[in-house]
Every structure is written in structure tokens, then in C-alpha cells.
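# Structural overview
So the chains spell out like this:
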Amino acid sequence: MCAQAVVMFQPLASRLDRTGCQRHSLIVPLLLLLLLLYSSLKAAQAAKPKGPGHTHLNSIRIDGDISLGGLFPVHARGHDGKPCGELKKEKGIHRLEAMLFALDRINNDNNLLPNITLGARVLDTCSRDTHALEQSLTFVQALIEKDGTDVKCLGGGAPIITKPERVVGVIGASSSSVSIMVANILRLFKIPQVSYASTAPELSDNTRYDFFSRVVPPDTYQAQAMVDIVKSMRWNYVSTVASEGNYGESGVDAFIQRSREDGGVCISQSVKIPREPKQGEFDKIIRRLRENPNARVVILFANEDDIRRLLHAAKKANQTGHFIWVGSDSWGSKISPVVHQEEMAEGAVTILPKRQSIKGFDRYFISRTLENNRRNIWFAEFWENNFNCKLSRHAVKKGSGLKKCTNQERIGKDSNYEQEGKVQFVIDAVYAMAHALHNMHQELCPGKVGLCAKMDPINGTHLLKHIRRLNFAGIAGNPVLFNENGDAPGRYEIYQYQIRNRTAEYKIIGHWTDQLHLNVRSMQWPGGVRQIPSSICSHPCQPGERKKIVKGIPCCWHCERCDGYQYQADTFTCKMCRFDSRPNVNHTGCVPIPIVKLEWSSPWAVFPVLIAVVGIMATVFVVVTFIRYNDTPIVKASGRELSYVLLTGIFLCYATTFLMISTPDVGICSLRRIFLGLGMSISYAALLTKTNRIYRIFEQGSMSISAPRFISPASQLVITFTLASVQLLGVCIWFGVDPSKAIIDYEDQRTSNPVMARGVLKCDISDLSLICLLGYSMLLMVTCTVYAIKTRGVPETFNEAKPIGFTMYTTCIIWLAFIPIFFGTSQSTEKMYIQTTTLTISVSLSASVSLGLLYMPKVYVVLFHPEQNVPKRTRSLKAVVTAATMSNKFNPKAGLRPNGEAKTELCESLETQNFSTKQTYISYSNHAI
């Protein structure tokens, strides 16, 4: 043993590397483990006698081909620095003997592990997790020791190293805290563990406790069973009461967690009973439970005494029949909590794990004596405790009341005996390990007697797989199996405390095995009522109302109406209808929004159409008149070519009204894009060409006698169509980027009241697109206005400068009024009607101004004063321009001459240069057109 610490260290490190653990994160725990191992091995080997079958310190060793470990709380937790306290007869000795009883049955069974004997190493945990950890290191000795041939003692002799037995699996532990501590060690060495009593939900975590299994259901199953009971009764508002400590608090926590996961159950009050309740503490608890009278159901995870005192406080508060108790297995079917307060407990629903007393174990345990049970090193201590005697005569003191044991005492005859509740599960745990080894032997050693090379040593991971695959009948006939987390299925019986004919009794009303089976018809509530009492927080909401959950209490809610465009999507949610829908009358669904468009019969359409019709008729009348009198001086002087172009643009402006009111589709929308700006572009391009020609003529005439370029009619047409083609080019580009289409706009008339909502069928021309569409026309209009201002000094008798100027001024006023009206109504519900009407009227008024100021006076003269429509003497261009210029210089009022002889002379002079250069005279007239 001189260098044993060194011998142990290297194999342990290499083995941990093979487990895949991260060595850096385990350095500190491993060092502590090594120290504990070293101290434990020293103590164990110092106290271990030679030879098989003998006992070790705090342990029992039974030889066999395969050894199982056992962990039992033989003694209670020690005090004053002592690791162990008093003996625990039922939870300690009964459970330990149950394991020995199971080993005997298995070794005597020729069908289970034939020719293979199971041995055991049983340890006392002393109900303390740290002590159990130190003791359980015995199980891993064989895994961390190696051959000591390379170890030399100081004296030169060979070291004495005793090879311990190899433990392939562990039965235990009892306490969850002990199982958690031990499981962390055993998983490092891949030793499977099967517990018979640890029910902590934490142990279900297969990522942390992957080698841990148990034959008892975890507390989460009991909590789940209670949640299922509550939900089956349609209770959704309950209170919880727990005794302070691990059982009560973890039970309530599991119930709350399960109720949250499943949903539909809320906690009104969660009350904890102190370990040492003060006077009036239970009265205070009842007052708290009464704060929410709707929460009649109370979930109880409390010990017997707390249950009894709680029922008494409720009875004193005159709450008989108000509370409905749902008790855990601590209440079960016990009589003591309900004695003398049966009426208060009437209707209580309780739960109890399904288990049976093993009669074979009763016969076995009653037959145990000091002579036939020497393998149990604690049995002598149990004997003294059970019979209140002492085995040693020297230990008997006078006046102590103790007697010397005679060895004639018998269990069950000279002392009370009742089988401990977990005996069945201890036996099932041992059998589970045996069946797994048996199945593993059949797989690895088929047809071979005894162990084969493939099971020496036994692979813990392989054994664990066989454990998880088990499904066999246990000692009580119940199936023993495990889920993927190593948990056994929950099996509970459901009781109800009923009073019939003044006789109170617990009646089985159902059972729970993974799911609830409840006979509701056999249930009876306080006062003999058959109808299930209610325990809910809020009543259901009406159709079209959603539940607004009270913060922190999901089962309590306020009902809120789904208003506006919302509909009730589900119980808790109001959702907005689709953009093209609105809610129905009761807001439980959505219906399509009606589609509207500007109808021909609408007042918003009648007035623009009337203006357009009158305008078109007037335009046609002017065109017909001009064609009829095409060769008269008035028509010639107005510039026939540009006049027809201008009249075409005016006609298109009026025609646009019909396109704006027609039902939108791809064709109509395409025509809108083309003609809405084209008519105005043609009109203002022609006017701009005229004003620019006048400006250039007089500007050139003041500096030179030569005529400006591009002032002939053909040139003017080219300029006009060039300017108009820019508009067409822009529209073509727009078509290429964004093809025209009709859309339904649900925002134009989306009112706050969904009943009034409408979808507007229109073309996909936004306000910005419309401005861009009309922008070029407005640019021409502004430019034309600028030239009109520049030519304001030209005598009014020269060409059409002044009428064009008045036309542009008026047009600018119209469009300046249009802009605020159009954009100021963008948020109005009548937007479609107002904007369409405003746009069409503005375009029509612009055309009307041009038509009225430029052509109506000419038509009037042509039709009603033909005597004024006569040719005049023609002078040269230089003479005309010079005369007009000099007339403005020396006589600003020359334009007011009554004879006004030069009004059309300029235009005629230009025309005659192209068509009749030999004409040398013209007559004067006394009229001004």
C-alpha cells in the first residue's frame, strides 16, 4: 500500500478520457474524488478480513459470479459529528432484507440466470448524501486499480494489493438527494443504477443522469394525475397548500409546473404550512383561501397532522361544504386525518400509489432469527431495537427497563410487524437488474453455461440498454418497464371520501396509469350532491369577444369586444381582417369589403361630364367654322396649322373626362396615362411655340433686319410636335417600367366604422405619379406664361400675344387652386370623388379658357361680322417690325389707334413671304380683331 495513491491516479485519468468527459472542467472534482477514494480504500482494506462471505465496515458482502451494489438508509442521519444515527427498522432493515430476499429467489430460480450466482455489496447511506458518496466509492474500486508490479515499497518488498469485486449495477438509493449524489459518480464509470424509492423529478433528466433508472414513478406523475383529475372536473382555478419541506414543496412545485405545461389550470393561492406552525396559523391559512371564493378546490401536499389541523380550522370557520379537497398520497386512504371531522372532508379526492403487500416476504422476514441471518451485520442491532432488549449481559443496567435478549423472540409474535411500503419496489429493482443481465447473457453468450468472455467484464452501457428495454411482470404482478428517461410508469388509485347513510368511507373511483380513468357517476359531493361543483375564475365570453387574461392568472380574464376591423380569431386573440375584408356583424369572421367606383349617375360625375360635353361641342363648332372659312384672313392670321393643333389638344382635354369616369381596366388605365397629359401638352406646346415666335421676332427686329429662323408654319409644327413628343416618350418609359393595371384601393374609404368601408376600383396612378404625369404640361404652361409676360409690351394689335397672356394667367390661377384642393382631400373618405372631379374640371376649365379667349372672338367676327374679315395691305417683314418697334418707342399708346391697321399684318407678312412674294399692297381697315 506504500504507493497506492500513485497506482490509482493513472488508470482513473485514462478511464475518464475514454468516457469523453472534459478533463479541464473536472480537475477539481477529480482531485476531491481521489482523496475520498484514497481514504475510503484505506479504511475498507484495514477493516476487511480475509476470505469470502465476511462483512466489511458498514457493508454486507455476498459472494457471487456477478456482484450488485445496494444502498439503503439503515441508519438515520447522525448528529454531533457522527455520520450515523439511530437504526431505521422499516425503511432500513425491511428494504435491505427485501434485496436479500430477492437475491435468494433469483439464485434459486433455474430459469433466470441459470448457473450464474448473484452476489452483493450492500452499504449503509446513513440517510446522508455525503456519507453515501464516500461509501459508494467502494463500487468503483475495481475500475480504478491496476496491477502493482511497477510499484516498489521502501523496504524493497512487493506491495500487497487485494483485488475487490467488480460491481456491475447498483440498487438504490432511497433518498433522492443520495441518488443524485451517487448517480454523478456512477455515470463516470458507466455503472447502471436502479432506485426503488427516489422520486425527485430532477432525476428524470437523461442528459445528466443517463445511467439512472427507477421502478417507482417520479413525483411528476402524481402531480400529473392530480392535474388530470382537476381538468376532468373542469376546474381551472384552484389553491395549493403544502407542508414545509421537500415532500410538500416539491409536490406543489411539480403540480404547478404540470398545470402550466398542460394549460387550463391556474393557482389562486399557494400557501405553505410552517414546520412548527404557531397558534392560529391554520385559521390564517383558511382566511387566505377564502379570499378568492371562486377557487373552491384546494390541492394538498401535506402530512397527516397538517391535514387534520387544516380540516379542523375550516370546520371552525364554518366552511363545511365550501372547499373541495384534492389530497396527495400522504392523505391517501388514511383515517387519522378525518376523524371527528368527516363532514368537513366529505367529497375529498385523494390519490395513492398502486402497490401490494408481498406475502412471500412476510413469511421470509418473520422467519428471520439471529442464527439464520448472520449475513446481515445490522440484524443484531435491529433485534435489540425491535424487542427492546440487549444481546450482551453487560449492556443491561439495573433500572434501565431493558432485558437480555433470549434469542427466543419472534418477529410478528413478540413485536408488531407491518411490511414497509417500498418492499415491493426493492424486489422489482433487483429483478430488473437480474432480467437485464439474463437478456444480456442470452445475447452475448447464447447456449453457454455461466459467464462467457464477452461478459467479462460486463459493459455498463450495454447493460443499461437491456435495462431500458425491460418489460416483465413484477413481484406483485404489475408490469416493470422504463421510459426513455429511465422512469417507471405511474400507477395510482383514486379515492373519494364519501358519506352514505351516515357511514363515511374511502371509495375507489378510478385509477391513473399514464392517463386518468375516472368513474364520474360514482362520485358524490358534499351534501350528497351528484352535480360536480364549480371552481372557475371567469365565465366564458360571448361571440366576438376575446379573453383578456388577468396578469399572472391565465384562467382569469375580462371579456373585451373585438372592435374596428378586428375579428375573433380564437379565444384569446382579436386579429385584423385582411386588407380586403371587414368583420361580420358579430365580429366572429370577415367578409369581403364592397367595391365601388365613380358611377356615371353620381353627382360627382354629372357636372364634369356636362362641362366636357359642352366643351367638346364648342370645340367641334370652332373646328368646323375654321374649316369652313379656312381661307379667310382671320383664319389665316390666327395661324391655321397651330390652331388646328391647339384645338386638337383642347378636344383631348375635354375627352379626358370620359376616361377618368369610365370603369377602370387595363385599357382605360392605359388611355388615362396617355391622354391625361397629352392633351394639355399639345395645347401648351402650341401656345408656347406661338409666344416664343412673337418674342423672337420682336427681339430679332430690334437688333437686325433679318428674320429669325424657324418662324414658318412648318417649323412651328415641328417645334410643337417635338415638345409634345417628350410627353409621349415619358409615358412610354413609364409603361416599360410599370405596366398599367387596375387596382382596388381599400385605403381610400377605410372608415373607422367598418360598415362604411369600401374598396375603390381605380387605376394604379398614385398622387406622385399624377404630378409627374402633369408635370411636363405644367412646365410648358409656366414657360408659356413667362414668354407671355416677356411679350406683354408688344402692341395688342400684333398677333395674339395679349390673349395668350390672359389665357396663361387664367390657367395658372386654375391650377394653383387645383393643387390645394387635390392634395388637401387626400385623407378624406370622399377622396376618389373629390380628386377625380377636381382634376377633370380643372383640365376642362383650362381647355375652356384657351378656347374662349383665343378662338371665340375670331368665330364671332367670322360669323357675325364678315365685313371685318377682309385682307389688308401687305408690307415687308422689316417694315412691319420696324413700324411696331418705333411705334412703341415714340408713342406707347399707338396700339390704341382707332384704325389699328397692323393687327394681323405681321402674321400675314410672314405667310405671304412663303406663299405669294409678289403681292405688294394691302388695304387698311378700321377694325381691331
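Residue positions are counted from 1 within each chain, in the order its sequence is given. Only residues with pLDDT of at least 70 are given local features in this predicted model, and only at 80 or more are side-chain atom pairs given and counted; all residues enter the totals for whole chains, interfaces and linings. Derived side-chain values reflect all non-hydrogen atoms in the structure, with water molecules and hydrogen atoms excluded from consideration.

In this section: the overall build of the protein chain. A run of DSSP states H or I qualifies as a helix once it reaches four residues; a run of E qualifies as a strand once it reaches two. Both are numbered from the N-terminal end. Across its full length, the protein chain carries 26 helices and 29 strands. Per-residue accessibility, obtained with a 1.4 Å probe over protein chains only, is compared with the maximum for each type, and a residue is labelled buried under 20%, exposed over 50%, and partly exposed between these values. Here the protein chain, with 929 residues, has 51% of them falling under the buried criterion. Long-range contacts, defined as pairs at least 24 residues apart, comprise 69% of the intrachain contacts of the protein chain with a sequence gap of at least 6. For every accessible area listed, the method is Shrake-Rupley and the probe measures 1.4 Å; residues are considered covered only by the protein chains on display. By element, 56% of the accessible surface of the protein chain is carried by carbon and sulfur atoms, the whole surface being about 43600 Å². Whether two residues are in contact is decided by their heavy atoms: any pair within 4.5 Å suffices.

It is worth spelling out the state of the cysteines at this point. The disulfide criterion used throughout: a pair of cysteine sulfur atoms within 2.5 Å. Taken as a whole and judged by the stated rule, the model has 9 disulfides. The partner cysteine of Cys537 in its disulfide is Cys556, sulfur to sulfur 1.8 Å. For the disulfide bridge between Cys537 and Cys556, the dihedral angle about the S-S bond is near 115°, and by the sign convention the bridge is right-handed. Taken together, the positions of Cys537 in the loop between β20 (515-518) and β21 (545-550) and Cys556 in strand β22 (residues 553-561) put the pair 19 residues apart, joining distant regions of the chain. Cys556 carries the same exposure label as Cys537, and that label is buried. Cys577 shares a disulfide with Cys590; S-S distance 2.0 Å. Looking down the S-S bond of the Cys577 and Cys590 bridge, the torsion is -85°, so its handedness is left-handed. Residue Cys577 is located in the loop between β24 (574-576) and β25 (581-583), and its partner Cys590 is located in strand β26 (residues 590-592); the two are separated by 13 residues in the primary sequence.

Time to look at helix α14 (residues 423-444). Taking 1.5 Å of rise per residue, 22 residues should cover 32 Å, and α14 covers 32 Å from first to last C-alpha, within 8% of that figure. Of all 22 residues in α14, 18 are buried, a share of seventy percent or more. Take the number of residues in a helix, subtract one, and multiply by 1.5 Å to get its expected span.

With that settled, the discussion passes to the sheet that holds β20. An order of β10-β9-β11-β12-β13-β18-β19-β20 is seen for the 8 strands of this open sheet, with the pairing classed as mixed. Taken across any chain shown, the strands that pair with only one partner, and hence form the sheet edges, are β10 (266-273) and β20. Recorded for the sheet is a direction-independent mean angle of 25° between the axes of neighbouring strands. The strands touched by helix α9 (residues 281-289) are β9 (237-243), β10 and β11 (297-301); relative to β10, the strand with the most contacts, the crossing angle is about 175°. In this fold helix α10 (residues 304-316) packs onto β9, β10, β11 and β12 (324-327), with an angle of close to 175° to the strand it touches most, β12. Strand pairing follows a simple DSSP-based rule, namely that at least 2 bridges must link the two strands. Axis lines are fitted to C-alpha atoms, over the contacting stretch for helices. Their N-to-C directions set the angle, which ranges from 0 to 180 degrees.

For the rest of this paragraph, the subject is the packing of helix α18 (residues 640-661) against helix α20 (residues 713-737). One can describe the packing of α18 onto α20 by two numbers: an axis separation of 9 Å at closest approach and a directional angle of 25°. Here α20 runs roughly parallel to α18, going by the angle between their axes. Contacts between α18 and α20 involve Glu641, Leu642 and Val645 from the first element and Pro713, Gln716, Leu717, Thr720 and Phe721 from the second. Charged means Asp, Glu, Lys or Arg here, nonpolar means Ala, Val, Leu, Ile, Met, Phe, Trp, Tyr, Cys or Pro, and polar covers whatever is left, Gly included. Split into classes, the residues belonging to the contact of α18 with α20 amount to 5 nonpolar, 2 polar and 1 charged. Put simply, angles under 35 degrees are roughly parallel, angles over 145 are roughly antiparallel, angles from 65 to 115 are roughly perpendicular, and the rest are oblique.

Another aspect to go through is the nonpolar core. For the purposes of this section, nonpolar cores are sets of buried Ala, Val, Leu, Ile, Met, Phe, Trp, Tyr and Cys residues that join through side-chain atoms within 4.5 Å. Of all hydrophobic cores here, the largest spans 67 residues; its most connected members are Met99, Leu118, Tyr196 and Leu437. Broken down by element, the residue count for this core peaks at 14 residues, all from α14. Apart from the residues within four sequence positions on either side, Leu118 is in contact with Asp63, Gly64, Ile66, Leu68, Leu103, Ile106, Asn107, Leu113, Ala434 and Leu437.

What counts as a ring pair is set by centres within 6.5 Å for rings of Phe, Tyr and Trp (its six-membered ring), and what kind of pair is set by the plane angle: stacked under 30 degrees, edge-to-face over 60, tilted for all other angles. With the rule as written, the count across this model stands at 22 aromatic pairs. Taking the centre distance of 5.7 Å and the plane angle of 25° together, the rings of Phe361 and Phe365 count as stacked. Residue Phe361 and its partner Phe365 are both found in helix α12 (residues 359-366); the two are separated by 4 residues, about one turn of the helix. As far as the burial class goes, Phe361 and Phe365 line up, both buried. Here Trp815 and Phe818 contribute two aromatic rings whose centre-to-centre distance is 4.9 Å and whose plane-to-plane angle is 75°, an arrangement assigned as edge-to-face. Of the two residues, Trp815 and Phe818 both sit in helix α22 (residues 801-824), 3 residues apart, roughly one turn of that helix. For the pair shown, Trp815 and Phe818 are each scored as buried. Cluster of aromatic residues (ring-pair linked, three or more members): Phe101, Phe361, Tyr364, Phe365, Phe379, Phe382, Trp383, Phe387 and Tyr417. Looking at Lys547, its charged tip hangs above the ring of Trp557, at a distance of 3.7 Å from the centre. The criterion for a charge sitting over a ring is simple: Lys NZ or Arg CZ within 6 Å of the ring centre, and within 35 degrees of the ring normal.

Turning our eyes to something else, we now look at the sheet that holds strand β28 (residues 742-749). The strands that make up a sheet pair up through hydrogen bonds in the backbone, lying either parallel or antiparallel. The strand order across the open sheet built from 3 strands is β27-β29-β28, with neighbouring strands paired in mixed fashion. Every interior strand has two partners, whereas the edge strands, β27 (595-596) and β28, have only one. Two strands pair when backbone bridges link them, and β28 and strand β29 (residues 758-763) are joined in this way by 5 bridges, in the antiparallel orientation. In the strand pairing of β29, Ile744 is matched with Leu761. Lying on the sheet, helix α23 (residues 831-854) is in contact with β27, β28 and β29; it crosses β28 at an angle near 115°.

So, about the confidence of the model for the protein chain. What pLDDT expresses is the predictor's confidence in each residue, scored from 0 to 100. Across the protein chain, pLDDT averages 80, with 82% of residues at or above 70. Of all the helices and strands in the protein chain, helix α1 (residues 4-18) carries the lowest mean pLDDT, 35, while strand β7 (residues 193-195) carries the highest, 96. The low-confidence segment residues 1-32 (pLDDT under 50) makes 39 contacts with residues lying over four places distant or belonging to another chain. Scored below 50 in pLDDT, residues 34-57 makes 39 contacts in the model with residues more than four places away or belonging to other chains.

It is worth spelling out the environment of Phe823 at this point. In this structure, Phe823 sits in helix α22. Taking the relative accessible area as the measure of exposure, Phe823 reaches 31% and is therefore partly exposed. C-alpha separation for the pair Phe823 and Gln835, spaced 12 residues apart in sequence, amounts to 8.1 Å. Beyond its immediate sequence surroundings of up to four residues, Phe823 is in contact with Asp767 and Ile771.

Note: most peptide bonds trans; most residues except glycine with negative phi. Following Gly172, the chain continues into Ala173 via a peptide bond in cis, with omega recorded as 5°. Locating Ala173 in the fold gives a position in the loop between β6 (167-171) and α6 (176-186). Asp456 connects to Pro457 through a cis peptide bond whose omega is 0°. Its location among the elements puts Pro457 in the loop between α14 and α15 (460-468). Of note in the backbone geometry, Lys190 takes a positive phi value of approximately 55° without being a glycine. Tracing the chain through its elements places Lys190 in the loop between α6 and β7. The residue Asn318 is not glycine, and still its phi comes out positive at about 60°.

Another point: the side chain of Asp362. Structurally, Asp362 can be placed in helix α12. Residues scored as positive are Lys and Arg, those scored as negative are Asp and Glu, and His as well as the terminal groups of each chain are ignored. When a carboxyl oxygen of Asp or Glu is within 4 Å of a side-chain nitrogen of Lys or Arg, the pair counts as a salt bridge. At 5.8 Å, Lys359 is the nearest oppositely charged side chain to Asp362, a buried residue that forms no salt bridge. In this view, Asp362 contacts Ser357, Tyr417 and Gln419; residues no more than four positions away in its chain are not counted.

Here we come to the pattern of salt bridges. Oppositely charged side chains may form a pair once their charged atoms are brought near each other. For the structure shown, the criterion picks out 20 salt bridges. Taking the shortest distance from any N to any O, the salt bridge between Lys316 and Asp283 comes out at 3.0 Å. Taken together, the residues Lys316 in helix α10 and Asp283 in helix α9 connect sequence positions 33 residues apart. Classification of Lys316 as exposed rests on a relative accessible area of 55%. Measuring nitrogen to oxygen at the nearest pair gives 2.7 Å for the salt bridge that ties Lys762 to Asp745. Here Asp745 lies in strand β28 and Lys762 lies in strand β29, a separation of 17 residues in the sequence. Under the relative-accessibility criterion, Asp745 is labelled buried at 15%.

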